[in-house]
Amino acid sequence: MIIIGESLNATIPSVRQAVINHDTEKIASLARTQTECGADMLDVNAAVPGQNEIEDLVWMVRTVRTVTD
């Protein structure tokens, strides 16, 4: 069984705010927590209306990669 963590989703208000603010610690903490709880993969969503989704997604993935395999 593969477990996919889905808490890095900009539809969640606190994650949306972290994406808008580029809050590296918040995103890194969510990624760490999910992998520590057994997630094999992380679903990363940076879609925030009015934001540059491509730039935000690149930032999120780079942030996640600093704290996960």
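Refer to the structure presented above.
First things first, this report covers the structure right here in the doc. Since we're looking at a predicted model, the values are computed, not measured.

## A closer look at the pattern of salt bridges
Then step 1. A full pass over the atoms with the stated rule returns one salt bridge.
Then step 2. Linking Glu 25 and Arg 32 is a salt bridge whose minimum nitrogen-to-oxygen distance equals 3.0 Å.
Then step 3. Take Arg 32: its relative accessible area is 28%, and that puts it in the partly exposed class.

## Observations concerning the layout of surface pockets
Then step 1. Estimated volume of the largest pocket: approximately 210 Å³.
Then step 2. The wall of the largest pocket is formed by Thr 35, Ala 39, Asp 40, Met 41, Leu 42, Val 44, Val 61, Val 64, Arg 65, Thr 68 and Asp 69.
Then step 3. Within the residue set of the lining of the largest pocket, elements represented by two or more residues are β2 (41–45) and α3 (53–67).
Then step 4. Taken together, the residues that form the lining of the largest pocket break down as six nonpolar, two polar and three charged.

## Side note on α3
Then step 1. The terminal C-alpha atoms of α3 lie 22 Å apart, and with 15 residues this matches the ideal 21 Å at 1.5 Å per residue to within 8%.
Then step 2. Of the residues making up α3, those classed as buried are Asp 56, Trp 59, Met 60, Thr 63 and Val 64. Looking straight down α3, one finds its buried side chains confined to an arc of 130 degrees; they lie on one side. Exposed positions of α3 whose direction lies more than 90 degrees from the buried face are Ile 54, Glu 55, Arg 62 and Arg 65.
Then step 3. In this structure, the buried side of α3 is in contact with β1 (4–9), α1 (13–21), α2 (24–36) and β2.
Then step 4. The N-cap residue of α3 is Asn 52: its side-chain oxygen and the backbone nitrogen of Ile 54 are 3.2 Å apart.

## Some details on the nonpolar core
Then step 1. Core analysis: the biggest nonpolar cluster contains 13 residues, and Leu 8, Val 15, Val 19, Ile 27, Met 60 and Val 64 have the highest contact counts within it.
Then step 2. Among all residues touching Ile 27, those that are not within four sequence positions of it are Leu 8, Val 15, Ala 18, Trp 59, Met 60, Thr 63 and Val 64.

## Looking at α2
Then step 1. The terminal C-alpha atoms of α2, which comprises 13 residues, lie 18 Å apart, in line with the 18 Å expected from a rise of 1.5 Å per residue.
Then step 2. Every buried residue of α2 is accounted for by Ile 27, Ala 28, Leu 30, Ala 31 and Gln 34. Relative to the axis of α2, the buried residues are bounded by an arc of 160 degrees and lie together on one face.
Then step 3. Check the buried side of α2 and you find it contacts β1, α1, β2 and α3.
Then step 4. Directly beyond the C-terminal end of α2, a positive phi value near 110 degrees is found at Gly 38.

Reading the values: the criteria
- Residues numbered from 1 in each chain as written.
- Predicted model: local features only at pLDDT ≥ 70, side-chain atom pairs only at ≥ 80, totals over all residues.
- Heavy atoms only, no water.
- Salt bridge = Lys/Arg side-chain N within 4 Å of Asp/Glu carboxyl O.
- Buried < 20%, exposed > 50% of the residue type's maximum accessible area, 1.4 Å probe, protein only.
- 1 Å grid on protein atoms, 1.4 Å probe; cavity = no way out; pocket = protein on both sides within 12 Å on 5 of 7 lines; lining within 4 Å.
- Points joined across faces, edges and corners; volume = space filled by probe spheres on them.
- Helix = DSSP H or I, 4+ residues; strand = E, 2+ residues; numbered from the N terminus.
- Nonpolar A, V, L, I, M, F, W, Y, C, P; charged D, E, K, R; others polar.
- Expected span 1.5 Å × (residues − 1).
- Arc of directions from axis to C-beta.
- Contact = heavy atoms within 4.5 Å.
- Polar contact = N/O pair within 3.5 Å; in protein donor to acceptor, adjacent residues only side chain to side chain.
- Core = buried A, V, L, I, M, F, W, Y, C linked by side-chain atoms within 4.5 Å.

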